[in-house]
Structures are given as C-alpha cells and as structure tokens.
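The chain contents come next:
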Protein chains: 2
Amino acid sequence: MSKPIPDIVIGRLPIYLRALVQMAQEGRQVTSSQELGERLGISAAQIRKDLSQFGEFGKQGTGYRIEFLSKQLGEILKVDRVWDVAIVGAGDIGRALASYSGFSQRGFRIAMIFDSKPELVDKEAAGIVIRDSRKLKEDIAAAGIKIAMIAVPATQAQEVVNQLVEAGVRAILSYAPVHLSVPAGVRVQNIDPSIHLQRMTYYLD
Amino acid sequence: MSKPIPDIVIGRLPIYLRALVQMAQEGRQVTSSQELGERLGISAAQIRKDLSQFGEFGKQGTGYRIEFLSKQLGEILKVDRVWDVAIVGAGDIGRALASYSGFSQRGFRIAMIFDSKPELVDKEAAGIVIRDSRKLKEDIAAAGIKIAMIAVPATQAQEVVNQLVEAGVRAILSYAPVHLSVPAGVRVQNIDPSIHLQRMTYYLD
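Residues numbered from 1 in each chain as written. Chains lettered and ligands numbered in written order. Predicted model: local features only at pLDDT ≥ 70, side-chain atom pairs only at ≥ 80, totals over all residues.

Draft legend 1. Examining the overall build of chain A more closely. Within chain A, the regular secondary structure consists of eight helices and 10 strands. The dimensions of chain A, computed from C-alpha atoms along their principal axes, are 60 × 45 × 40 Å. Within chain A, the fraction of its 205 residues that count as buried is 41%. Long-range contacts, defined here as pairs at least 24 residues apart, represent 56% of the contacts in chain A between residues at least 6 apart. (Helix = DSSP H or I, 4+ residues; strand = E, 2+ residues; numbered from the N terminus. Buried ≥ 20, exposed ≤ 12 C-beta atoms within 10 Å, placed from the backbone. Contact = placed C-beta atoms within 7 Å.)

Quick look at the structure:
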C-alpha cells in the first residue's frame, strides 16, 4: 500500500469533477490544467500535482480529455455508483435536502428520512414517507446505509450521530452548528452557513 | 501594515468562536488550547499558533478566559456587530435560510429576500416580503448591504453574482453547485452538499 493521499487533495477532487462535468455539458471535449485552474482559482501546478497522485491523466501539450478524466475521478471518489443516503430531521433544511434534485447525478439517492416529531412521522417530504427516529438505528442498519445527512437541533445532534454510527453509518454531513465526535473510521463534514459568513466578514470594512 | 494572515487561519477562527460560545453556554469560564483542540480535532499547537497571530490571549499555564477570548475573536471577525444579509432565491433552500434562527446570535440579520418568479414576489418567507429580483441591484445598493446568500439555479447564479457585485456586495455565500467568478475584493464561499459527500465516499468501502 502506498502512502495515503492527503485529505486536502481528496477535498479538491470533487471540485475538479464538478467543473469537468460542467465543461462536458457545455459541449467541450478537452481542457488543460491552466483552464481548469482559471475557472477554479487554483494554480495549474496544484491541479497537475493533485491529479498526478492518481496516475497519468493527460499528455504534456495535449491536455486532459474531459470525459475520460471525469470518469476516472468518479471512480476514484467512488461516485461511479449510487449511494443510498438517510436524512435525519425533516424540518426546513431536511426537507430542502430531500427535495434537492442535484444529488442523483452526483452519486447519491435519498433513501430514507427520519424525524422525532409525532406530527411529522408518516407524512411525506419530497415524496418520501418520514420515519420515526426511534426506528433510525434498526432501519438504517437493515438497509446497510453508510451515509447520512443530519439537520436536527444542535442539542440533539451528538445523540443522533451516536445512533448513526451504531447503525453502521461511516460518513455524516451535519447541518447542526456544533462540533461532533465520532470514532476512528467515521467521517464528519459540517455545513454551517454562519461559519462561512464569519470567514468573510473579517475582510469587510 | 504587517503581513496578511493566511485565509486558512481566518477560516479556523469561526470554528474556535463557535466552540467557545458553546463552552460559555455550558457555564464554563476557562479553557486551554489542549481542550479546544480535543473538541475540534485540531492540534493544541495549531490553535496556539493561530491565536498568537492576533495577540496574547492566554497566559502560560492558566489557559484562556472563555468570555474574553470570544469577545476578541468576535471583534477580529467583525461579528461584534450585526450585518444585514440579502437572500436571493426563495425556493426550498432560500426559505430554509430565511427561517434559520441561528444567524442572529452570530452577527447576521436577514434583511431582504428576492426571487424572480412572479408567483413568489410579494409573498412572505419567514415573515419577510419577497422582493422582485428585477429590483435586486437597486434595493441592495440603496440599503448598503455587503453580504448575500444565493440559492438560485446553477444556470442563473453567475448573472445574480454580477448584479450583486455591481450593487456593492462584497461577500457571497452560494448554494448554487457551480464555480462563480468575482472581481478582486469580493469573496465567495460555496456550500454544495454533493461536494462534501463526495469527499467522504472516497474513504468508504
């Protein structure tokens, strides 16, 4: 086994993939690290270095074939398949995620949605029946789901995460504005719009 | 003027601030770089180094006073005031953002929301009347708003960004799954859940 690739590099691959898919939609066939870099605000050298960690994707002077490179990145990121995803929390954010049409072409299918509020259970969100959170562990384990998105209040988030981990979930995207602890082998990513906004206010007058 | 602080450091300050505010809510008064680091999965040395770029916030052996450090970080990040924010797009995500109660304590107030769909204009989202996108530039410039969140389709996002920039907006948080170009002096952050999910699928079996 070779040296593991830094997570910061892995984090850029989905951004490259998204740009390549967009170029393909524009009818383009070939691109270069220069062009990709200009689109993304990343240096061409960085892009070449990142991609070279995974193999030889382009020839000097001829650039990258967009379709080929997209396919390769999809395989590397394992989104050349469709992953079932569970959503926990059927409030505004959970519903917006359930309705979001952008997942299906990028490797994900919303398979289940849970909420603990009796008035929401058995109702629908984006055509999916909302399940009772008390069955979360059982249902997710039975379905073998590995990925979850959580949109529950900050105070409930860690307990939900604990249950997801016990159910076998290994990748969690959290919209709760709180740091979450997980055991080794489980990954968490956070989306907290205030964090993004506060990173930008620093630069405002 | 001293050397500019790397943006990666600025990006960690809101995460420190969020953890400190949480500790204060737990009734805590003092913390250490070790404890913060354990909570956040960041090394204590990194936290000390980041904070030391802005001054002397703790004494060796006595740790950081939580209230003092929170206040300092709030001032550094300029969230010791309340920023008016405009939302563009009153679909599921725009409405979820308008309803989100977490902004007000973290320096932000949703002041305006826009949509281009005639059937949404003049309706309300979270108690705010939805304005016609055709008035976006005029209304935002008149109000002097510097921050916007956009939740419009990918195909419309760049045009909306261009108008926001012309109106004087300098910080944009985009939920559109597309790379956006802005002139120097304007900052963009992207939230795209598929990007976060794809970064984690790499590690799944």
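Draft legend 2. Highlighting the relation of the copies chain A and chain B. The two copies are related by a screw motion: chain A maps onto chain B through a turn of 180° and a shift of 0.0 Å along the axis, at an RMSD of 0.0 Å. Here the transformation between the copies is reduced to the relation of a two-fold axis. Take the interface residues of chain A: 100% of them recur as interface residues in chain B, which is what a same-surface contact looks like. (Least-squares fit on C-alpha atoms with pLDDT ≥ 70 in both.)

Draft legend 3. Examining the domain arrangement of chain A more closely. Here the domain parsing of chain A yields domain 1 (7–76) and domain 2 (83–195). When each unit is reduced to the centre of its C-alpha atoms, the spacing between domain 1 of chain A and domain 2 of chain A is 31 Å. (Domains from an automatic or database assignment.)

Draft legend 4. Broad picture of the interface of chain A and chain B. Listed as interface residues are 49 residues of chain A and, on the opposing side, 49 residues of chain B. Put simply, the parts of the chain that give the side of chain A that touches chain B at least two residues each are helix 1 (7–25), helix 2 (33–40), helix 5 (92–99), strand 8 (147–150), strand 9 (171–174), strand 10 (187–190) and helix 8 (193–201) of chain A. Top contributing element to the side of chain A that touches chain B by residue count: helix 8 of chain A, with nine residues. A class-by-class count of the residues in the side of chain A that touches chain B yields 28 nonpolar, 11 polar and 10 charged. (Nonpolar A, V, L, I, M, F, W, Y, C, P; charged D, E, K, R; others polar.)

Draft legend 5. Examining the pairing of strand 9 of chain A more closely. Residues and elements named next belong to chain A. Across the two faces of strand 9 the burial is the same, with Ala-171 and Leu-173 and Ile-172 and Ser-174 all buried. Here strand 8 runs beside strand 9; their pairing, made up of four bridges, is parallel. Residue pairing across strands places Ala-148 opposite Ile-172, the latter belonging to strand 9. At this point the chain moves from strand 8, through helix 7 (residues 154–167), to the parallel strand 9, and the crossover so formed is right-handed. (Pairing = 2+ DSSP bridges. Right-handed = clockwise from strand over helix to strand, strands pointing away.)

Draft legend 6. Up close: the environment of B:Ile5. Residue and element names in this part refer to chain B. One can find Ile-5 in the segment before helix 1 (7–25). Residue Ile-5 is classed as partly exposed on the basis of its C-beta count, with 14 C-beta atoms lying within 10 Å. Taking the C-alpha atoms as reference points, Ile-5 and Arg-81, 76 residues apart in sequence, are found 22 Å from one another. In contact with Ile-5, not counting residues within four places along its chain, are Ile-10 and Gln-53.

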